[in-house]
Amino acid sequence: MSRNSSVERNTKETQIKINLNLDGTGISKLESGIGFLDHMLDQIARHGLIDLEVQAKGDLHIDAHHTVEDIGITMGQAFAKAVGDKKGITRYGHCYAPLDEALSRVVVDISGRPGLELNANFKRALIGEFDVDLIYEFFQGFVNHALITLHIDNLRGDNAHHQVETIFKAFARALRMALTIDPRQADQLPSTKGAL
């Protein structure tokens, strides 16, 4: 079973192309134009064992909002396409990820229903030039188009960079767990409804 996809999304604000392989080795090629976002996307690739290529051009002369949100949307579309019919997947995943003083918990359900709960009290508004409000926009775009339920809780942290990085690392590991093929489920959907 091949779980990879390519998606292009072009608007008046952004032009984005994403290639991903859900059964990769963590290789990434990231060109979003936003250094901190590339660093976080690399966490998804590396810790999720997802091969990820992102090429994005956006209206960064305005700010990073459209680019970050649209990358989330396009990654969600690519994820939904790559995950396919969901037969045999574990479906649920969770992870606690620490980084020095920071700790985050992420729980994911590849449910076919979009839903995001993100609870984080970031200690500063900017990480370099990156607006931490855009973390929510990225994940909202992703879950809406990946059709997953995602709960993110930053449980503690004094350094905003550490807080965000633990979120992305925990997300990657939770996603990796949820995507794992369960040999006891074979070609079955992990749902009593018979549909996801």
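As a convention, each chain's residues are numbered from 1 in the sequence order in which they are written. Only residues with pLDDT of 70 or above have their local features reported here, since the model is predicted, and side-chain atom pairs are shown and tallied only from 80 upward, although totals for entire chains, interfaces and linings are computed over all residues. Excluding hydrogens and water, the side-chain figures rest on all heavy atoms present in the structure.

Colleague: Any chance you could explain the overall build of the protein chain here in plain terms?
Modeller: Only DSSP runs of H or I with at least four residues qualify as helices, and only runs of E with at least two residues qualify as strands; both kinds are numbered from the N terminus onward. Secondary structure assignment for the protein chain yields four helices and 10 strands. The order of helices and strands in the protein chain, counted from the N terminus, is β-β-β-α-β-α-β-β-β-β-β-α-β-α. Burial classes: relative accessible area under 20% of the type maximum marks a residue as buried, over 50% as exposed, and values in between as partly exposed (1.4 Å probe, protein chains only). For the protein chain, the proportion of its 196 residues judged to be buried stands at 51%. For the protein chain, long-range pairs separated by at least 24 residues make up 77% of all intrachain contacts whose partners lie at least 6 apart in sequence. Carbon and sulfur atoms make up 48% of the accessible area of the protein chain, which amounts to about 9,200 Å² in all. Here Asp and Glu are counted as negative and Lys and Arg as positive; His is not counted, and neither are the chain ends. A charge is said to be at NZ when it belongs to Lys, at CZ for Arg, at CG for Asp and at CD for Glu. Of the charged side chains in the protein chain, 21 are positive and 26 negative, and the gap between their average positions amounts to 7 Å. Contacts are residue-level and defined by heavy atoms, with any inter-residue pair within 4.5 Å sufficient. Accessible surface is estimated by sampling points in the Shrake-Rupley manner with a 1.4 Å probe; for residues, cover comes only from the protein chains shown.

Colleague: Help me understand the sheet that holds strand β1 (residues 4-10) in this model?
Modeller: Hydrogen bonds between backbone atoms are what pair the strands of a sheet, whose relative direction is either parallel or antiparallel. When DSSP finds two or more bridges between a pair of strands, those strands are recorded as paired. Strand order in this open sheet of four strands is β1-β2-β4-β3, and the pairing throughout is mixed. Strands at the two margins of the open sheet, each flanked by one partner only, are β1 and β3 (28-31). Neighbouring strand axes in the sheet, compared pairwise and without regard to direction, differ in orientation by 5 degrees on average. Strand direction decides the pairing type here: strand β2 (residues 14-21) and strand β4 (residues 51-58), joined by eight bridges, are antiparallel. Bridge pairing links Asn19 to Glu53 in β4. Contacting β1, β2 and β4, helix α2 (residues 65-83) runs over the sheet at an angle of about 35 degrees to β2. Helix axes use the C-alpha atoms of the stretch in contact, all axes being lines fitted to C-alpha atoms, and the angles between their N-to-C directions lie in the range 0 to 180 degrees.

Colleague: Is there a simple way to explain the packing of aromatic side chains in this structure?
Modeller: When we look at a pair of aromatic rings, we describe it by the centre distance and by the angle of the planes. A pair of Phe, Tyr and Trp rings is counted when the ring centres sit within 6.5 Å of each other, with Trp represented by its six-membered ring. The angle between the planes then sorts it: under 30 degrees is stacked, over 60 is edge-to-face, the rest tilted. Within the structure shown, the criterion is met by seven aromatic pairs. Ring geometry for Phe138 and Phe139: centres 5.1 Å apart, planes at 80 degrees, overall edge-to-face. Its relative accessible area of 0% is what places Phe139 among the buried residues. Put simply, the rings of Phe79, Phe138, Phe139, Phe142, Phe168 and Phe171 touch in pairs and so form one group of aromatic residues.

Colleague: Hey, could you run me through the side chain of Asp51 in this one?
Modeller: Within the secondary structure, Asp51 sits in strand β4. Each salt bridge in this description consists of a side-chain nitrogen of Lys or Arg and a carboxyl oxygen of Asp or Glu lying within 4 Å of one another. Arg46 is the oppositely charged side chain nearest to the buried, salt-bridge-free Asp51, at an N-O distance of 8.6 Å. By the criterion applied in these results, polar contacts are pairs of N or O atoms within 3.5 Å in which, for protein atoms, one can donate a hydrogen and the other can accept it, and in which residues neighboring in sequence qualify only through two side-chain atoms. In this structure the side chain of Asp51 is engaged in a polar contact, spanning 3.1 Å, whose partner is the backbone nitrogen of Gly26. Setting aside residues up to four positions removed in sequence, Asp51 forms contacts with Asn19, Leu20, Asn21, Gly24, Thr25, Gly26 and Ile27.

Colleague: Please clarify how unusual backbone geometry should be interpreted in this entry.
Modeller: Across residues other than glycine, the phi torsion is negative in most instances, and most of the peptide bonds are trans. The backbone of Arg91 sits at a positive phi, close to 80 degrees, despite the residue not being glycine. Along the chain, the position of Arg91 falls in the loop between α2 and β5 (92-99). At Asp100, a position not held by glycine, the phi torsion is positive, near 55 degrees.

Colleague: I would appreciate a short explanation of the packing of helix α1 (residues 35-48) against α2 in the present structure.
Modeller: A packed helix pair is summarised by two numbers, namely the angle formed by the two axes and the spacing between the axes. Between α1 and α2, whose axes approach to 12 Å, the crossing angle comes to 20 degrees. It follows that α1 is roughly parallel to α2 by the angle criterion. Where α1 crosses over α2, the two elements pack in a sense that is right-handed. Along its contact with α1, which presents Leu37, Leu41 and Ile44, the element α2 presents Val68, Ile71 and Met75. Gly counts as polar in this scheme, as do all residues outside two lists: the nonpolar Ala, Val, Leu, Ile, Met, Phe, Trp, Tyr, Cys and Pro, and the charged Asp, Glu, Lys and Arg. Residue classes in the contact of α1 with α2 are distributed as six nonpolar, no polar and no charged. For classification purposes, angles smaller than 35 degrees are called roughly parallel, those larger than 145 roughly antiparallel, those between 65 and 115 roughly perpendicular, and all remaining angles oblique. A clockwise turn of the near helix away from the far one marks a right-handed crossing, whereas an anticlockwise turn of less than a right angle marks a left-handed crossing.

Colleague: Explain the nonpolar core to me, please; I cannot follow it from the model alone.
Modeller: Most often, soluble globular proteins keep nonpolar side chains buried together rather than apart. The term nonpolar core refers to a set of buried residues drawn from Ala, Val, Leu, Ile, Met, Phe, Trp, Tyr and Cys, joined through side-chain atoms within 4.5 Å. Leu41, Ile71, Phe79, Phe139 and Leu150 are the most contacted members of the largest nonpolar core, which has 57 residues in total. Sorting elements by how many residues they give to this core places helix α4 (residues 160-179) first, with 10 residues. Non-local contacts of Leu150, meaning those with residues more than four positions away in its chain, are made with Val106, Val107, Val108, Gly115, Leu116, Glu117, Phe139, Val143 and Phe171.

Colleague: Help me understand α4, please; the structure alone is not making it clear to me.
Modeller: A turn of α-helix holds 3.6 residues, and therefore any two residues three or four places apart point the same way. Expected span of a helix: the number of residues minus one, times 1.5 Å. Under the 1.5 Å per step criterion, the end-to-end length of α4 is 29 Å for 20 residues, consistent within 8% with the ideal 28 Å. Across the 20 residues that make up α4, a large majority, 16, are buried. The distance from a side-chain oxygen at the start of α4 to the backbone nitrogen of His161 is 2.9 Å, and the residue carrying that oxygen is Asn159.

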